[in-house]
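# Breakdown of the fold
The chain contents come next:
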Amino acid sequence: MEEQERATADEQVDLGSSHANGTPHDLSAEEAEDRALMEQFLLNPAHDYRNLQYGDTVDGVIMRVDRDEILVDIGSKAEGVVPAREMQSLAAEDRGALRPGDELLVFVVQTEDKEGRAVLSVDKARQEKSWRRLQQSFENNEVIEAKVINYNKGGLLVNLDGVRGFVPSSQVSGISRGPETQKQSDMAKMVGSSMPLKVIEINRNRNRLILSERQAVQEVREGRKDELLTALKEGDVRTGVVTSIADFGAFVDIGGADGLVHLSELSWSRVKHPSEVLKPGDKVRVYILSVDHDRKRIALSIKRTQSEPWSTVNERYQLGQIVEGTITQLASFGAFARIEDGVEGLVHVSEMGDGRIQHPRDVVQEGDVVKARIIRIDSARKRMGLSMRQPGDSGDSAAAAGNEPE
């Protein structure tokens, strides 16, 4: 009995040795070849399965597109599935364009469901990719573009490929600083529009993204301004838009940079304040007076885009002609009257009527419209003498106009 048990044990050892050392005694040549091919396949690193974890973002290949899900090969032991709830960020036309064989970036939501498949998300993958791109934009101080999707009391809400950002109203140039109702109205009008933005705060862990339209616009304008300053030449004529009014002049945007039209360069006629002839939003033609590259300043003129009225004054006016003028300024020796833009004449106090007149204010006030006769024209010196006296009155003569001060 003991001899039988010993013999059986010896047979088991021999059989185990044959399996361990190579091909079993009972394998055919074909089976041995198949086994060798399988071992070669398993040793190839290209056939290693990915050890997926939650949060992994991987590139997959679409295997099948169904109405409620997309089957994706992500190199795992089983295909992954993107359910409908995880691809809501895909527009209908984008989803309809997906085809088997297309690459698709996906986010691992669950490593394995009850069917052994990984649950994937297109929405979270796009969001993760967007966060990374936004972080890079923040670090590189770049200007990005985003669409306004909504607004609240504090500002605008924008969507950046699945990441929601907030633009405070104080960081939007198009929102007024007036009543709250006006702010809400301004923000409502911006919904659906796109705007340039700069990331001013980003915190991935807190899901916090703050942006600024004002800084982006300033950044863009600075770039354009440098280009414009290089291209501008004195004597150029450009079309611009009045952006603001000051006591000393008006600022005009000429395509990326503001230039100043000084009060003296607004019109050939006398102007006391820029608001008399311009308002923000007006389109105007401007002449480039000078460009200061070091200080990045541009001096402009509006009046020099128009013909100088005194150069042709003799073609429009003659001695003895009765004209209508508006009193623009009073002096002790007389009153100045604007005949047309850029052309003023002086009514000397001695030419204001009969009798002795102590001061022009006794007869006229600024803003009055009067009729006067031209008694002197000196286009070279840009002077015109006027008389409110009737022809034939005592003292009425061309010599009377000689009282005009030098």
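Above this text sits the structure in question.
Bear in mind that the values here come from a model prediction, so they are computed numbers and not experimental data.

### Considering the overall build of the protein chain
Looking only at helices and strands, one finds seven helices and 20 strands in the protein chain. Relative to its full complement of 406 residues, the protein chain shows a buried share of 35%. When contacts within the protein chain are restricted to residue pairs at least 6 apart in sequence, those whose partners lie at least 24 apart make up 58%. When the accessible surface of the protein chain is summed, it comes to about 24,100 Å², and 46% of that surface belongs to carbon and sulfur atoms.

### Some thoughts on the environment of Arg 126
Mapped onto the elements of the fold, Arg 126 is located in helix 4 (residues 122-140). Accessibility expressed as a relative area gives 28% for Arg 126, which makes it partly exposed. Sequence separation of Arg 126 and Met 87 is 39 residues, and the distance between their C-alpha atoms is 9.6 Å.

### Topic: the pattern of salt bridges
On inspection of all chains with the given rule, the structure shows 18 salt bridges. Of the charged contacts in the structure, one is a salt bridge between Glu 201 and Arg 208, with a shortest N-O distance of 2.6 Å. Using a relative accessible area of 31% as the deciding quantity, one classes Glu 201 as partly exposed. For Glu 340, the salt bridge identified is with Arg 316, shortest N-O distance 3.0 Å. With a gap of 24 residues between them, Glu 340 in strand 17 (residues 334-340) and Arg 316 in helix 7 (residues 313-316) connect regions that are remote in the sequence. On the accessibility criterion, Glu 340 (23% relative accessible area) is partly exposed. The exposure class assigned to Arg 316 is partly exposed, which follows from its relative accessible area of 31%. A single salt-bridge network, built from bridges that share partners, covers Glu 69, Asp 113, Glu 115 and Arg 117.

### A closer look at the sheet that holds strand 20 (residues 383-387)
Around the barrel, which closes on itself, the five strands sit in the order 16-17-18-20-19 with mixed pairing between neighbours. Each neighbouring strand pair of the sheet contributes to a mean axis angle of 50°, computed without reference to strand direction. For strand 18 (residues 343-348) and strand 20, the ladder comprises two bridges, and the chain directions are parallel. Each bridged residue has a counterpart across the sheet, and for Val 347 the counterpart in strand 20 is Leu 386.

### Things to note about the side chain of Glu 265
By the secondary structure assignment, Glu 265 is in the loop between strand 13 (258-262) and strand 14 (283-292). At a separation of 2.6 Å, a polar atom in the side chain of Glu 265 contacts the side chain of Ser 301.

### Considering the sheet that holds strand 14
If you walk around this closed barrel you meet the five strands as 11-12-13-15-14, and the pairing is mixed. Adjacent strand axes in the sheet meet at a mean angle of 50°, parallel and antiparallel pairs treated alike.

### Looking at the pairing of strand 3 (residues 80-83)
Taking every second residue as pointing to the same face, both faces of strand 3 are buried, with Gly 80 and Val 82 on one and Val 81 and Pro 83 on the other. Pairing analysis gives four bridges linking strand 2 (residues 69-73) to strand 3, with the strands arranged antiparallel. Counted as the bridge partner of Leu 71 is Val 81 from strand 3. The sheet contact formed by strand 3 and strand 5 (residues 118-121) spans two bridges and is parallel. Bridge pairing in strand 5 places Val 81 opposite Val 119.

### A closer look at the environment of Leu 90
Looking at where Leu 90 falls in the secondary structure, it is placed in the loop between strand 3 and helix 3 (92-96). When its relative accessible area of 17% is taken as the criterion, Leu 90 is described as buried. When the C-alpha atoms of Leu 90 and Val 122 are compared, they prove to be 8.1 Å apart, with 32 residues separating the residues in sequence. Once residues within four sequence positions are removed from consideration, Leu 90 is found in contact with Arg 95, Leu 98, Val 122, Asp 123 and Arg 126.

Rules used throughout
- Residues numbered from 1 in each chain as written.
- Predicted model: local features only at pLDDT ≥ 70, side-chain atom pairs only at ≥ 80, totals over all residues.
- Heavy atoms only, no water.
- Helix = DSSP H or I, 4+ residues; strand = E, 2+ residues; numbered from the N terminus.
- Buried < 20%, exposed > 50% of the residue type's maximum accessible area, 1.4 Å probe, protein only.
- Contact = heavy atoms within 4.5 Å.
- Areas by Shrake-Rupley, 256 points an atom, 1.4 Å probe, with all protein chains shown as cover.
- Salt bridge = Lys/Arg side-chain N within 4 Å of Asp/Glu carboxyl O.
- Pairing = 2+ DSSP bridges.
- Axes fitted to C-alpha atoms, helices over the stretch in contact; angles between N-to-C directions.
- Polar contact = N/O pair within 3.5 Å; in protein donor to acceptor, adjacent residues only side chain to side chain.

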